[in-house]
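# Inside the fold
Listed below are the residues making up each chain.
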Amino acid sequence: MAILEIKDLHVRIEDKEILKGVTLTINTNEIHAIMGPNGTGKSTLAAAIMGHPKYEVTSGSILLDGEDVLAMEVDERARAGLFLAMQYPSEITGVTNADFLRSGVNARREEGDEISLMKFIREMDSKMEVLEMEEDMATRYLNEGFSGGEKKRNEILQLMMLKPKFAVLDEIDSGLDIDALKIVSKGINQMRGEGFGCLIITHYQRLLDYITPDHVHIIMQGKIVKTGGPELAKKLEEQGYDWIKEELGIEDETVGQEA
Ligand SMILES: Nc1ncnc2c1ncn2[C@@H]1O[C@H](COP(=O)(O)OP(=O)(O)OP(=O)(O)O)[C@@H](O)[C@H]1O
Ligand SMILES: [Mg+2]
């Protein structure tokens, strides 16, 4: 069992306060979904959890099993078991996907206990098979020239290889075709269990048709304004966000929803 506790988190980018007090607790064995209009701070929350230097945490705390995550460097956070699948994964020329994965896997292990090349390849091959990825994706440079959907699938390959305690998946479903959506969901569902907790950022119910979340949160204007079960996501799909704004008396300052 592990626990990730985010308490009253305030985050600023340059002079703008984006997160205005986010509180959220995720246990392993739980999948949380977070939904909300564009520009409300979902990716900002993801970036703050992982420690992106541009996002300044002005107050609040993030604890992983009681350890102060905010005091850790990005690589320490990854070693401690945090993982982020980025909304826009970066391309890294000169580093093959396999080398990148192996370094990541070894960084999560004790020094002197590196994974053997054979074992690594066997494991990578089996995960790539689950994700129905072409063999050459392992030897190509990280994300270079990958299609949008291939990048997303590759994020899940990283997830499955690194086996973090907690993963934040930022719009992992965007750009995926219908078959790919099922395949990626299968990969995420395989991770489900005692040692794994997940925060899925998404705009649409369709992903949650395959990955049933335990809890659904709605974020608006930098705060979680509502929490419920899977039915909350279904209601959003049918009715959009207006009813919540009305219920909470929120003025409309955010940009409209994605088409
Ligand atoms: N690096 C940055 N510099 C300036 N403003 C930023 C930066 N990153 C985010 N913002 C602003 O912070 C706000 C929240 O952005 P964020 O990316 O967290 O939204 P989001 O909820 O993930 O939206 P989407 O659903 O479109 O992905 C937006 O108004 C955005 O323009
Ligand atoms: Mg975003």
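A quick note: this is a predicted structure, and the numbers were derived from the prediction, not measured. (Residues numbered from 1 in each chain as written. Chains lettered and ligands numbered in written order. Predicted model: local features only at pLDDT ≥ 70, side-chain atom pairs only at ≥ 80, totals over all residues. Heavy atoms only, no water.)

Moving on, we come to the coordination of the magnesium ion (ligand 2). At the metal site, the magnesium ion (ligand 2) is ligated by Ser-43 (OG) and Gln-87 (OE1), and these contacts range over 2.0 to 2.3 Å. Taken together, the positions of Ser-43 in helix α1 (residues 42-50) and Gln-87 in the loop between β6 (82-85) and β7 (92-96) put the pair 44 residues apart, joining distant regions of the chain. Taking relative accessible area as the criterion, Ser-43 reaches 27% and is therefore assigned partly exposed. Judged by relative accessible area, Gln-87 falls into the buried class, the value being 16%. (Donors = N, O, S within 2.8 Å, 3.2 Å for Na, K, Ca; no water. Helix = DSSP H or I, 4+ residues; strand = E, 2+ residues; numbered from the N terminus. Buried < 20%, exposed > 50% of the residue type's maximum accessible area, 1.4 Å probe, protein only.)

Once that is clear, we can look at the site of ligand 1. As a structural note, the neighbourhood of ligand 1 is formed by 16 residues, with Gly-39, Lys-42, Ser-43, Thr-44 and His-203 the closest of them. Residue Lys-16 places a side-chain N or O atom 3.1 Å away from an oxygen atom belonging to ligand 1. Between ligand 1 and Thr-44, the relevant distance is 2.5 Å, taken from an oxygen atom to a side-chain nitrogen or oxygen of the residue. Contact with the protein chains covers 71% of the free accessible surface of ligand 1, which is 640 Å². (Near = heavy atom within 4 Å. Polar contact = N/O pair within 3.5 Å; in protein donor to acceptor, adjacent residues only side chain to side chain. Areas by Shrake-Rupley, 256 points an atom, 1.4 Å probe, with all protein chains shown as cover.)

This brings us to the pairing of strand β11 (residues 215-220). Extensive coverage of β11 is indicated by the burial of five of its six residues. Of the pairings in the sheet, the one linking strand β3 (residues 31-35) to β11 comprises four bridges and is parallel in character. The residue bridging His-32 from the neighbouring strand is His-215, located in β11. (Pairing = 2+ DSSP bridges.)

Turning to a negative patch on the surface, a few remarks are in order. A surface patch of negative charge is lined by Asp-125, Glu-129, Glu-134, Glu-135 and Asp-136. Here Asp-125 shows up in helix α4 (residues 117-130). (Patch = residues over 30% accessible without salt bridge, like charges linked within 9 Å, V, L, I, M, F, W, Y side chains within 5 Å. Salt bridge = Lys/Arg side-chain N within 4 Å of Asp/Glu carboxyl O. Lys, Arg positive; Asp, Glu negative; His and termini not counted. Charge placed at Lys NZ, Arg CZ, Asp CG, Glu CD.)

Remark: helix α5 (residues 148-162) packs on helix α6 (residues 178-191), axes separated minimally by 10 Å, with the N-to-C direction vectors making an angle of 15 degrees. Considering the angle they form, α5 stands roughly parallel to α6. α6 is crossed by α5, and the crossing has left-handed handedness. Residues Arg-153, Ile-156, Leu-159 and Met-160 of α5 form the contact with α6, whose own contacting residues are Ala-180, Ile-183, Val-184, Gly-187, Ile-188, Gln-190 and Met-191. (Axes fitted to C-alpha atoms, helices over the stretch in contact; angles between N-to-C directions. Parallel < 35°, antiparallel > 145°, perpendicular 65-115°, else oblique. Left-handed = near helix turned anticlockwise from the far one by under 90°. Contact = heavy atoms within 4.5 Å.)

What follows covers the sheet that holds strand β2 (residues 16-27). Here four strands make up an open sheet; going across it, the order is β2-β1-β4-β5 and the pairing antiparallel. Both outer strands of the open sheet, β2 and β5 (67-68), are each paired with one neighbouring strand and no more. Across eight bridges, the pairing between strand β1 (residues 3-13) and strand β4 (residues 55-64) is antiparallel. Bridging across to β4, His-10 finds its partner in Ser-59.

Pairs of aromatic rings are described using the distance from one ring centre to the other and the angle between the two planes. For the structure on display, the rule yields zero aromatic pairs. One cation-aromatic arrangement involves Lys-235 over Trp-243; the distance from NZ or CZ to the ring centre is 3.8 Å. (Phe/Tyr/Trp six-rings, centres within 6.5 Å; stacked < 30°, edge-to-face > 60°. Lys NZ or Arg CZ within 6 Å of the ring centre and 35° of its normal.)

Let us look at the nonpolar core. Counting 37 residues, the largest nonpolar core has Phe-120, Met-124, Ile-156, Leu-159, Leu-169, Ile-172 and Ile-188 as its most contacted members. Of all the secondary-structure elements, those providing two or more residues to this core are β6, α3 (97-107), α4, α5, β9 (166-170), α6 and β10 (197-201). Counting 26 residues, the second largest nonpolar core, distinct from the first, contains Ile-26, Leu-45, Met-72 and Leu-199. (Core = buried A, V, L, I, M, F, W, Y, C linked by side-chain atoms within 4.5 Å.)

The predicted model of the protein chain has a mean per-residue pLDDT of 94, with 97% of residues at 70 or higher. Overall, residues 255-259 carries pLDDT values under 50, and its contacts beyond four positions in sequence, including any with other chains, amount to 11 contacts. (pLDDT = per-residue confidence, 0-100.)

This part covers the side chain of Gln-158. Assignment of secondary structure puts Gln-158 in helix α5. Filtering out sequence-adjacent residues up to four positions away, Gln-158 remains in contact with Phe-83, Phe-100, Leu-101 and Leu-142.

Time to look at α3. Restricting attention to buried positions, one finds in α3 the residues Asn-97, Ala-98, Leu-101, Val-105 and Asn-106. The buried residues of α3 occupy an angular sector of 160 degrees when projected down its axis, which confines them to one face. (Arc of directions from axis to C-beta.)

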